Amino acid sequence: MDRRDALVETFMDAVRARSGGEPEFLQAVEEVARDVLTVEKAHAEFAAARVLEQLTEPDLLAQFRVVWEDDGGATRINRGWRVQMSNAIGPYKGGLRFHPSVTPSVLKFLAFEQCFKNALTGLPLGGAKGGADFDPSGCSDREIMRFCQAFMAHLAPFIGPDLDVPAGDINVGQREIGWLFGTYKRKRGVFDGALTGKGPSFGGSALRVQATGYGLIYFVCAMLARRSAELDGKRVAISGKGNVSTHAAEKAIEMGARVVCLSDTSGTLHAPDGMRQDAVEWVRAQKRSGGQVADPPAALGLQFRDGEGPWGIEADIALPCATQNEVGPEAARAIAESGVTLLAEGANMPLTSEAVEILDRAGIVQAPGKAANAGGVAVSGLEMSQNAEGRFLSREEVDAALRKIMDGIHDTVIAEAESAGDCRRGANVAGYRHLARAISSYGIV
Ligand SMILES: NC(=O)C1=CN([C@@H]2O[C@H](COP(=O)(O)OP(=O)(O)OC[C@H]3O[C@@H](n4cnc5c(N)ncnc54)[C@H](O)[C@@H]3O)[C@@H](O)[C@H]2O)C=CC1
Ligand SMILES: O=C(O)CCC(=O)C(=O)O
């Protein structure tokens, strides 16, 4: 065992002792620990403050019962949470996820990663995440609205524009943010920027809906430019059919790429010659209405591969944009054999640790979600400043700012990478240094 492995083992033993039953959280922490513990040890103030250990204990983890009434008049009960991981560099910030797979482990991993991601944006944003084990699929719109209202009744005391600013994530889009904000406003009797991702008529920023997907493509362009290449003409394989996937597809097509697939848990939509914008719009409409993608209209030129995943379809670039650990060893091998040379994560932690290693060995350049999908939270940060200043930036202004931020994140990551392809280490170390400088300035608090 070398010195770094020994450091990581000792550190992870302590984290496991406190958070043993939280596999996703342990996975996210270990990936960062591998890259940053030697940096911490080499810096006396960071080591004295035990910065990484502090970042593995949430400042606050609130759990609450959410009781709501379904359309049949029956009482339904779910669990809700907010994990406020660190406000070292700004108010807590991060999305809300409604999905049956939500657990404290999932939210802690997301809140932990959010701290690093938000630091990379260069904006004053701390890290948080929240959500509920509520499954909106099969619920009516009015049931989802009632759930949002019941959820916010519990969350409202924990949030505020200078305290904690939630936004959307899986199954929480602009519509749900509207319902959440309506209840927040009523409960607290204020109109302020306590949520981002709002509708444009009540303080939402232009382009927040598109920002994560567009930002992902801008990040990929920065990676390609560094290799004297461009997106035009590249084949891009994308997983998922949600907000991040469809906006990444939309921007990639606009920039001349050939998007060869989108997917969901039922199968993959393959477009051998590249998808058109109307096909992406159809997929988005299916997701919005809770419909299936299995039966696309013939005119869209899509082939549905029932039960098959997206990986293995020939492509130059892979963008996993659905959910955590969606790419395991088998999918990673399929990606490695499909011609892909560059992978950028639209989802948070979409690769298992084994998948990361397989792709590393295959020489595939990888951009972690912390860096590549930071465009969403970056535009949320712009929404916060617009709300604080009482102004509204145009779509063009936000787009220019988003592109600049993604280019900036790319440069920051590359400056800390040990080798040309090592963006994971670059993102972890750059995010860590920013957080560590703040945390070690506060004394023992
Ligand atoms: N919405 C945002 O601004 C941001 C989202 N992300 C991440 O992007 C990913 C996708 O989020 P959104 O597009 O916003 O959500 P969404 O609700 O719009 O879409 C969710 C997508 O994930 C897929 N999915 C969900 N659970 C799944 C499961 N267990 N197995 C396979 N597929 C599953 C769905 O088919 C769908 O494609 C998530 O990892 C999220 O944390 C990251 C940064 C910002
Ligand atoms: O805009 C935000 O605050 C949420 C973004 C988010 O949840 C993420 O980056 O994963």
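Since we're looking at a predicted model, the values are computed, not measured.

### What about the sheet that holds strand S5 (residues 164-167)?
Item 1. Judged by pairing direction, the sheet is mixed, and its five strands sit side by side in the order S1-S2-S4-S3-S5 without closing on themselves. Since the sheet does not close on itself, it has two edges, and those belong to strand S1 (60-69) and S5, each with one partner. Direction aside, the axes of adjacent strands within the sheet are offset by 20 degrees on average.
Item 2. Pairing analysis gives 10 bridges linking S1 to strand S2 (residues 75-86), with the strands arranged antiparallel.

### Focus: the site of ligand 2
Item 1. Looking at ligand 2, the residues that line it are Lys93, Gly94, Gly95, Gln114, Lys117, Ala167, Asp169, Thr196, Asn348, Gly376, Val377 and Ser380.
Item 2. Among the elements of the structure, strand S3 (92-98), helix H5 (104-120) and helix H14 (375-389) are those that each provide at least two residues to the shell around ligand 2.
Item 3. Across the shell around ligand 2, the residue classes break down as two nonpolar, seven polar and three charged.

### Considerations on the environment of Ala14
Item 1. Looking at the element boundaries, Ala14 is found in helix H1 (residues 3-19).
Item 2. When the 11 C-beta atoms within 10 Å are taken as the criterion, Ala14 is described as exposed.

### A closer look at the packing of H1 against helix H2 (residues 23-41)
Item 1. Orientation of H1 relative to H2, taken along the N-to-C sense of each, is 135 degrees, at an axis distance of 9 Å. With respect to H2, the axis of H1 lies oblique. Here H1 and H2 pass one another in a crossing that is right-handed. On H2, the residues touching Arg4, Leu7, Val8, Phe11, Met12, Val15, Arg16 and Ser19 of H1 are Phe25, Leu26, Val29, Glu30, Ala33, Arg34, Leu37, Thr38 and Lys41.
Item 2. Counted by class, the contact of H1 with H2 contains 10 nonpolar, two polar and five charged residues.

### A closer look at the UniProt feature "active site" (unreviewed entry) in the protein
Item 1. In the numbering used here, UniProt assigns the "active site" (unreviewed entry) feature to Lys129.
Item 2. Within the secondary structure, Lys129 sits in strand S4 (residues 127-132).
Item 3. Assessed through the 30 C-beta atoms surrounding it within 10 Å, Lys129 is described here as buried.
Item 4. Once residues within four sequence positions are removed from consideration, Lys129 is found in contact with Val83, Gly94, Gly95, Leu107, Leu110, Ala111 and Gln114.

### Considerations on the sheet that holds strand S8 (residues 267-270)
Item 1. Pairing in this open sheet of seven strands is mixed, and the strands run S9-S8-S7-S6-S10-S11-S12 from one edge to the other. The open sheet has two free edges, formed respectively by strand S9 (303-306) and strand S12 (365-367), since each of these has just one partner strand. Pairs of neighbouring strands in the sheet enclose a mean axial angle of 15 degrees, with direction left out of account.
Item 2. Across three bridges, the pairing between strand S6 (residues 235-238) and strand S7 (residues 258-264) is parallel. Residue pairing in the sheet places Val236 in a bridge with Val259 of S7.

### Section: the packing of H2 against helix H16 (residues 423-439)
Angle between the axes and distance between the axes are the two parameters that describe a pair of packed helices.
Item 1. Close contact between H2 and H16 brings their axes to 9 Å; oriented N to C, the two are set at 50 degrees. The pairing of H2 with H16 is recorded here as oblique in orientation. H16 is crossed by H2, and the crossing has right-handed handedness. Counted together, Val32, Asp35, Val36 and Val39 of H2 and Arg425, Asn428, Val429 and Tyr432 of H16 form the full contact between these two elements.
Item 2. Counted by class, the contact of H2 with H16 contains five nonpolar, one polar and two charged residues.

Definitions and cut-offs
- Residues numbered from 1 in each chain as written.
- Chains lettered and ligands numbered in written order.
- Predicted model: local features only at pLDDT ≥ 70, side-chain atom pairs only at ≥ 80, totals over all residues.
- Pairing = 2+ DSSP bridges.
- Helix = DSSP H or I, 4+ residues; strand = E, 2+ residues; numbered from the N terminus.
- Axes fitted to C-alpha atoms, helices over the stretch in contact; angles between N-to-C directions.
- Near = placed C-beta within 6 Å.
- Nonpolar A, V, L, I, M, F, W, Y, C, P; charged D, E, K, R; others polar.
- Buried ≥ 20, exposed ≤ 12 C-beta atoms within 10 Å, placed from the backbone.
- Parallel < 35°, antiparallel > 145°, perpendicular 65-115°, else oblique.
- Left-handed = near helix turned anticlockwise from the far one by under 90°.
- Contact = placed C-beta atoms within 7 Å.
- UniProt positions renumbered as here; feature names shortened; annotations may be inferred.

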